[in-house]
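# Observations on the three-dimensional arrangement
Residues per chain are reported as follows:
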Amino acid sequence: MKKTLFSFLLLIFTLSATAQEYTITGNVTSEQDGLPIPTVNIIVKNTSNGVTTDFDGNYSINNVPQNATLVFSYIGYTTKEVVVANGNPINVALSEDVEALEEVVVIGYGSQKKKEITGAVSVVSSQTLDEIKPIKVEQALQGTVSGVNVTTQGGAPGAGLDIRIRGISTNGANGPLVIIDGYQGSLDILNPNDIDTITVLKDAQAAIYGTVGANGVVLITTKSGRKNQAPKVSFNTYTGFQETTRELPLLNATEYALLLNEAYAAGGQNLPYPNVSGLGEGTDWQGEVFNNNVPIINHDFSVSGGSEKITYAISGSHLYQQGIIAPKKTDFRRNTARLSLGADISDKINVKANVIYTYLDRDAINDSGLGSVLFNAINTPATLSAFDGNGNFTLVPSTPGLGIEIINPLAQIDNTFNDYDLRKLNGTVALEYDVLKNVKLTSRIGFNTSNSEGKSFAKQVDYGGKVFDVPRSSVSQNAINDNNYSLDIFGTYNNTFADAHKIDFTVGTTVFKEFGNGLFATGYDVPNNSWEFADIALAEGISESRDVGSYAYDERRLSFFSRLQYDYKGKYLFSAMLRRDLSTKFGPNNRVAYFPSVTAGWVVSDESFLENSNTLSFLKLRASYGILGNDQIPSNGFSSLLSGEATYVFDGALVNGQALGVLANPDLQWEEAKKFDVGLDLRLLNDKVDITADYFVNTRDNLLISNISTSGITGTSAPGSGSPTVNAGKVENKGLEFAINYKDQLSDNLKFSINYNVTSLENKVLEVNNSTGFLEGGGFGVGQPAPSRMEVGQPIGYFYGLQTDGIFQNQAEVNAHPSQSALGATAAPGDIRYVDINGDGVINFDDRTNIGDPIPDVTMGLNLSLDYKNFDFVVYTFASLGNDMVRNYERTLSDANKLNYVLDRWTGEGTSTTVPRVTTGATSNNVFSEYFVEDASFVRIQNLQLGYSLPDQFTDKMGISKLRIYTAVNNLYTFTKYKGYDPGASNGAPIGGGIDAGFYPIPRTYILGLNLNF
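As a starting point, this report considers the structure included with it.

Rules used in this analysis
Within every chain, residues take consecutive numbers counted from 1 along the sequence as written. A pLDDT threshold of at least 70 governs which residues receive local features in this predicted model, and a stricter bar of 80 or more applies before side-chain atom pairs are shown or counted, although totals over entire chains, interfaces and linings include all residues. Here the side-chain values reflect all heavy atoms present in the structure, with hydrogen atoms and water set aside. Strands are runs of DSSP state E lasting at least two residues, helices are runs of H or I lasting at least four, and both sets are numbered from the N terminus onward. Each radius of gyration is computed over the set of C-alpha atoms, and the globule rule expresses the reference value as 2.2 Å times the number of residues to the power 0.38. Contacts between residues were defined by any pair of non-hydrogen atoms, one from each residue, lying within 4.5 Å. In short, Shrake-Rupley with a 1.4 Å probe defines the accessible areas, and a residue's cover is counted only from the protein chains shown. Positive: Lys, Arg. Negative: Asp, Glu. His and the chain ends are not part of the count. Just so you know, the charge point we use is NZ for Lys, CZ for Arg, CG for Asp and CD for Glu. Here, strands pair whenever DSSP counts at least two bridges between them. Interaxial angle, 0 to 180 degrees, is taken between N-to-C directions of lines fitted to C-alpha atoms, where a helix line uses only the stretch in contact. Multiplying one less than the number of residues by 1.5 Å gives the expected span of a helix. Buried residues are those whose accessible area, probed at 1.4 Å on protein chains only, stays under 20% of the maximum for their type, while exposed residues exceed 50% and partly exposed ones sit between those limits. Polar contact is the term for a pair of N or O atoms within 3.5 Å; when the atoms are in protein, one must be able to donate a hydrogen and the other to accept it, and sequence-neighboring residues count only if both atoms are side-chain atoms. Classification of ring pairs rests on two measures: the distance between centres of Phe, Tyr or Trp rings, Trp counted by its six-membered ring, which must be within 6.5 Å, and the angle between planes, read as stacked under 30 degrees, edge-to-face over 60 and tilted in between. Cation placement over rings: the criterion is NZ of Lys or CZ of Arg within 6 Å of the ring centroid and within 35° of the ring normal. The salt bridge definition used is simple: a Lys or Arg side-chain nitrogen within 4 Å of an Asp or Glu carboxyl oxygen.

### Here we look at the overall build of the chain
When you go through the chain residue by residue, the secondary structure sums to 9 helices and 51 strands. Against the compact-globule benchmark of 31 Å for 1014 residues, the chain has a radius of gyration of 33 Å, which places it among compact chains. The dimensions of the chain, computed from C-alpha atoms along their principal axes, are 130 × 70 × 70 Å. Partitioning the contacts of the chain with sequence separation of at least 6, the portion at a separation of at least 24 is 70%. For the chain, the computed accessible surface area is about 43600 Å², with 55% contributed by carbon and sulfur atoms. Charge centroids of the chain, computed over 75 positive and 107 negative side chains, lie 8 Å from each other.

Written out as structure tokens, the structure is:
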């Protein structure tokens, strides 16, 4: 009986002990320096019960059974497990996982430790993206990565951006290849908060991508769940308002009238404003078109986690932005949904899937170029009112002094109607199979499919005899379907021999296909002349010419690639890559090409003579050379299609028919990008200082130049015809990159980091093998020669015009100077004096020369991060030095409004040496020259953000792991001497970029946001 009672009591005691649960608290620090580690994942093993540490490394986790195991894990550190014996606090010191710390997310068909990287590779983290709060992903690369320059095509909602890695190398497509989780994609479909890392391959390291890697490669790794991670819910939101960063200093009504009187008097004409006393300030046309307090909102959420075998991440986002010009007519909406799954099917097989759906909706106005809303706002006289006495829009007179291009910008906005919608589904599915201990086989399918619809309505309207008059209403619609898919199959073998020789070998194949079609149509006589009835199905009329069109395309690429990576004792590094590409964009004679590259490195800090250094933590020297390709040209360049038009005689009558289109070039071959790089990676003072430096030379040979001039006898002037694409040029970019980062913790409550990067660039054209020796592009004014050129010995896209030498002060100076009458008018005192470049005694268009170029000599980024207790502060700045821009937003007509710099014009001898006289008479002052080219160097405060995270004692009570509120200002201020709206804008054209026809300014945005994690 006693024995039975004892057993019963023992059982009860055991059960009560087993049922005992605790709330465990503690702190997690780094074993290396003792500093706290925030956001460490802590989970009760084999359960979903988990938390993360706060800013100070503290944590508190409830309902932990006795003898349960707590798992502490954090990227870059070795995972640690601790058994819970009682309710006492558990403090953990995590040791650095060297392999994880030195691992690059991706380098193309694999990954590699940072220590072993032998190419020029830069990484942007999700933290940087969170701090910058970019609307588009591309914006996060500006000023954060050396060697990368991002230019905007304007500040309108949804406007495009252009990425240039180490300069402009071709007159064709210069944008980098974008790889998202292993498949070829596009940055504009991504929600920035879905991105884990952005890796930029800038040199021969990108050779593994062969024909599509010549412009550099941007590798995107999206966020995913982690194994043994409790469900983590994140919600982020911000709202803000926008305003213009600048209004140009235009003449008010009184200043305008006085200046116009002076011009008319100088031209011998009657004064247009005999009495200016009652004009006052007049109409501020910029104030009429710009809006303040324009909204922008963004919401996104994500749920992620994982078990022993499965990881998952689900996210969604919504962005809506209105424009600071015509907010009801210009807006941008982006909705995204993403699913990421990973599963260990067995100990050898792993499956991953990542799918993204994106919906874009954009409405726009004419926001750049001749006839844009800002162009009209700048040039419409302030003496005109916005509305007439009947409440109708005032018409801008069609006089010789105002021309036929300037219209009331408010009327233009009111008569603008369009809509664009894009639906895109893209993603990847991959299977990894560990065949043997050191052999892995990967098979991956990537896909993109998109459907877009566009519609624009031209309302019947009369602006009073302008080129923008619409005598007959019309509606134009299009439907476009674009698709591509890729299949990658590759195997990797890695092994270490004799504890010294490490080998990684990758070999595989890629199949890529892109195909699609488009349909375009226009209908006339829209019922009720109204946007509500603007549909082709309702249009009642047709035109005399064909008003429908379509196209289809189908291109394929078959590639084989291999890469060998070797290192000896982690000190001597070597890598070699070879890729074979076959592209249907080239004819049978040159369809296949090979692209080799080699890289090497030496980890000097691992040598015995530096092992015990107290200052130097790490030093690596590296070098690379490789050849990459580019096939980004129009399809079917090697053959002629029946896409031209011709007139034939049948039965004695003229009949319209088809003819050969663009002429064929069966000898087309690949562009070759020859990339050379030497660099070093250096860490000092216990890794507090991180330095990277590179010298590079990129030579692009066999440039694929379309529409090379040929003899007219070939019929290239016929409708739909054109000159062939040929390999006809060479361009070189060389420069230096330097980046330094310093981080330190000054106290338990204060830590900071500062990053500075600078890139110098020299661009030079080495060959243009056509009949003229140059290519032209761009436009200036009306009816003037092309202002930009690609020519041997000059930067690509340099400005080609007349060089100036001040202002003629008196007739004696005019008489002593070579005649300028060949430019269209005889010079007089107060006119611009041009330089006789060729010394032939005559000033004409043969005296044009290099008067500037849009490529910056130096770009810089300076970024600061500061954390004090629960406060965090960041500021990001960017500078561009040496880039020039053409002032082309002023209509050179006597009666158009002008910027107030003309108040400093020449009015008599000695009054001005920079701004010419005003007159309605004929002059050569408006010929393209240095007078219209300005230094567009600038320094921009891109982002400033201040945040505050609630202390744990409050968040714990609310059952959340993080609650942070913040305020930010994007595009705070730009320091520049340039007169236009945005010195950093460009249309992206290699030949013709940097010509400012009135770029829509990037708005300044004030933001209030919330980050919430559960």
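Back to the text.
### Considering the sheet that holds strand E5 (residues 69-73)
Note on sheets: strands pair through backbone hydrogen bonds, and any given pair is parallel or antiparallel. Spatial ordering of the open sheet is given by E3-E2-E5-E6, a layout of 4 strands whose pairing is antiparallel. Pairing within the sheet leaves two strands with one partner each, and these edge strands are strand E3 (50-52) and strand E6 (80-83). Taking each pair of neighbouring strands and ignoring which way they run, the sheet shows an average axis angle of 20°. Taken together, the 4 bridges between E5 and E6 define a ladder with antiparallel strand orientation. Directly across from Val-71, in E6, lies its bridge partner Glu-81.

### Remarks on the pairing of strand E36 (residues 729-745)
In the sheet, strand E33 (residues 689-701) pairs with E36 via 12 bridges, with the strands oriented antiparallel. Directly across from Ala-693, in E36, lies its bridge partner Phe-738. As paired strands, E36 and strand E37 (residues 750-768) are joined by 17 bridges and run antiparallel to one another. By the bridge assignment for E37, Gly-729 is matched with Val-768. Where E36 folds back on E37, the antiparallel hairpin that results is connected by 4 residues.

### Here we look at helix H4 (residues 253-266)
Taking 1.5 Å of rise per residue, 14 residues should cover 20 Å, and H4 covers 20 Å from first to last C-alpha, within 8% of that figure. Of all the residues in H4, the buried ones are Ala-253, Tyr-256, Ala-257, Leu-259, Leu-260, Asn-261, Ala-263 and Tyr-264. The N-capping residue of H4, defined by a side-chain oxygen 3.1 Å from the backbone nitrogen of Thr-254, is Asn-252.

### Thoughts on the packing of aromatic side chains
Taken as a whole and assessed by the stated rule, the structure comprises 24 aromatic pairs. Seen from their ring centres, Tyr-742 and Phe-752 are 5.6 Å apart, and the 50° between their planes marks the pair as tilted. Separated by 10 residues along the polypeptide, Tyr-742 in strand E36 and Phe-752 in strand E37 bring together distant segments of the chain. Chaining the aromatic ring pairs together yields one cluster made of Tyr-109, Tyr-209, Phe-490 and Phe-561. Its end group placed over the ring of Tyr-931, Arg-887 keeps NZ or CZ at 5.1 Å from the ring centre.

### Brief notes about the environment of Ile-480
Inspection of the secondary structure assignment puts Ile-480 in strand E24 (residues 474-497). A relative accessible area of 18% means that Ile-480 is categorised as buried. Considering only alpha carbons, one finds Ile-480 and Glu-453, 27 residues apart in sequence, at a separation of 6.5 Å. If we ignore the near neighbours within four places in the chain, the residues touching Ile-480 are Ser-450, Asn-451, Ser-452, Asn-517, Gly-518, Phe-520 and Tyr-551.

### A few points about the pairing of strand E16 (residues 217-222)
Extensive coverage of E16 is indicated by the burial of 6 of its 6 residues. Because side chains alternate across E16, one face comprises the buried residues Val-217, Leu-219 and Thr-221, and the other comprises Val-218, Ile-220 and Thr-222, equally buried. The pairing of strand E13 (residues 177-180) with E16 spans 4 bridges and is parallel. Paired with Leu-177 across the bridge in E16 is Val-217.

### Quick notes on the pattern of salt bridges
Between side chains of opposite charge, pairing is possible as soon as their charged atoms come close. In total, this model carries 42 salt bridges according to the counting rule given. Here Lys-202 ties to Glu-737 by a salt bridge, and the two come within 3.0 Å at their closest N and O atoms. Placement of Lys-202 in the loop between strand E15 (195-201) and E16 and of Glu-737 in strand E36 is noted, with a sequence separation of 535 residues between them. Each member of the pair Lys-202 and Glu-737 is classed as buried. Salt-bridge contacts for Arg-700 lead to Glu-671; the nearest nitrogen and oxygen are separated by 3.0 Å. Of this pair, Arg-700 sits in strand E33 while Glu-671 sits in strand E32 (residues 671-684), and the two are 29 residues apart along the sequence. For Arg-700, a relative accessible area of 2% puts it in the buried group. For Glu-671, a relative accessible area of 1% corresponds to the buried category. Through salt bridges with shared partners, a single ionic network connects Arg-166, Lys-202, Lys-620, Arg-622, Asp-677, Asp-681, Asp-694 and Glu-737.

### Side note on the sheet that holds strand E7 (residues 92-94)
Within the open sheet, the 3 strands sit side by side as E4-E1-E7. Their pairing is mixed. With partners counted over all chains shown, the strands left at the sheet margins are strand E4 (58-65) and E7, one partner each. Across the sheet, the axes of successive neighbouring strands diverge by a mean angle of 35°, strand direction being ignored. Direction of pairing for strand E1 (residues 21-30) relative to E7: parallel, over a ladder of 3 bridges.

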